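# A structural walkthrough
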Amino acid sequence: MNLKKVISSAIIFMLLSFPVFSADEGGDSLSYKGLDVKWTIEDGYIVFDLTAKATGWISIGFEPTSMMKDADIIIGYVKDGILVIEDQFGTSFTSHKSDISLGGTDDIVPLSGSEVDGTTNIKFKKPMKSQDKFDKSLNVGKAYKFIVAYSNRDDFKSMHVFKKTSLITLK
């Protein structure tokens, strides 16, 4: 078997092994080890409500090409009762930078954040269509690869203590 076939087989296996979740106009949710992700689609935005059994940042990213590379990432934490959130882009397999530092725009609308008894919650909305070249446009009826992660530190540099990759189909 040639290398091209081996790589193609591995990619197909990886894609088929992701759980698939669906969202509709009423919203949907999913849970992973210590992380709950809820969303609704309303008026051209996707509203996300992320909760983690952690005291640091929580993130979700869309359409990475490999690990974090090329992902449209939203990352946030709560410090002293204040939600700190950024629109970021995966610049390599293991790093990301704010859209603003790359010449883009921060298109995230922060809604709320809290940190209580070792659990962090952030809520924000993201436009389904953006003019920023570092954001991914999302369309109802299409499947998207996404990544989620959380940390126990309130900064945008610390390594995650949990990460997950999956597929989501927006309905």
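As a reminder, the structure under discussion sits directly above these lines.
Residues numbered from 1 in each chain as written. Predicted model: local features only at pLDDT ≥ 70, side-chain atom pairs only at ≥ 80, totals over all residues. Heavy atoms only, no water.

This part is about the side chain of Ser-151. By the element assignment, Ser-151 lies in the loop between β11 (143-150) and β12 (162-170). There is a polar contact of 3.1 Å between the side chain of Ser-151 and the backbone nitrogen of Arg-153. If near-sequence neighbours (up to four positions away) are discounted, Ser-151 is found in contact with Ala-54, Thr-55, Gly-56, Trp-57, Ser-158, Met-159, His-160 and Val-161. (Helix = DSSP H or I, 4+ residues; strand = E, 2+ residues; numbered from the N terminus. Polar contact = N/O pair within 3.5 Å; in protein donor to acceptor, adjacent residues only side chain to side chain. Contact = heavy atoms within 4.5 Å.)

If you walk through the whole model with that rule in mind, you get 5 aromatic pairs. Note on Phe-89 and Phe-134: the rings are 5.2 Å apart at their centroids and 65 degrees apart in plane angle, and the pair reads as edge-to-face. With Phe-89 in strand β7 (residues 82-90) and Phe-134 in the loop between β10 (119-127) and β11, this residue pair connects regions lying 45 residues apart in the sequence. A residue is classified by how much of its surface remains accessible, and Phe-134, at 11% relative accessible area, is buried. Here Tyr-150 and Phe-162 contribute two aromatic rings whose centre-to-centre distance is 5.2 Å and whose plane-to-plane angle is 25 degrees, an arrangement assigned as stacked. Taken together, the positions of Tyr-150 in strand β11 and Phe-162 in strand β12 put the pair 12 residues apart, joining distant regions of the chain. Comparing Tyr-150 with Phe-162, the two get one shared label, buried. Here the aromatic residues Phe-48, Phe-62 and Phe-124 are joined through ring pairs into a cluster of three or more. One residue, Lys-125, lies across the ring of Tyr-45, its end atom 4.5 Å from the ring centre. (Phe/Tyr/Trp six-rings, centres within 6.5 Å; stacked < 30°, edge-to-face > 60°. Buried < 20%, exposed > 50% of the residue type's maximum accessible area, 1.4 Å probe, protein only. Lys NZ or Arg CZ within 6 Å of the ring centre and 35° of its normal.)

Along the polypeptide, Val-148 turns up in strand β11. For Val-148, a relative accessible area of 2% puts it in the buried group. Along the backbone, Val-148 and Ile-75 are 73 residues apart, and their C-alpha atoms lie at a distance of 9.5 Å. Sequence-distant contacts of Val-148, that is, excluding residues within four places in its chain, are made with Tyr-32, Leu-35, Val-37, Ser-59, Ile-60, Phe-162, Lys-163 and Lys-164.

Bringing the pairing of strand β4 (residues 45-52) into the picture now. Bridge analysis of strand β3 (residues 35-42) against β4 gives 8 bridges, and the strand direction is antiparallel. Directly across from Glu-42, in β4, lies its bridge partner Tyr-45. Adjacent in sequence and paired antiparallel, β3 and β4 are bridged by 2 residues, among which Asp-43 carries a positive phi angle near 50 degrees. Of the pairings in the sheet, the one linking β4 to β10 comprises 8 bridges and is antiparallel in character. Residue pairing for β10: Ala-52 is matched across the bridge by Thr-120. (Pairing = 2+ DSSP bridges.)

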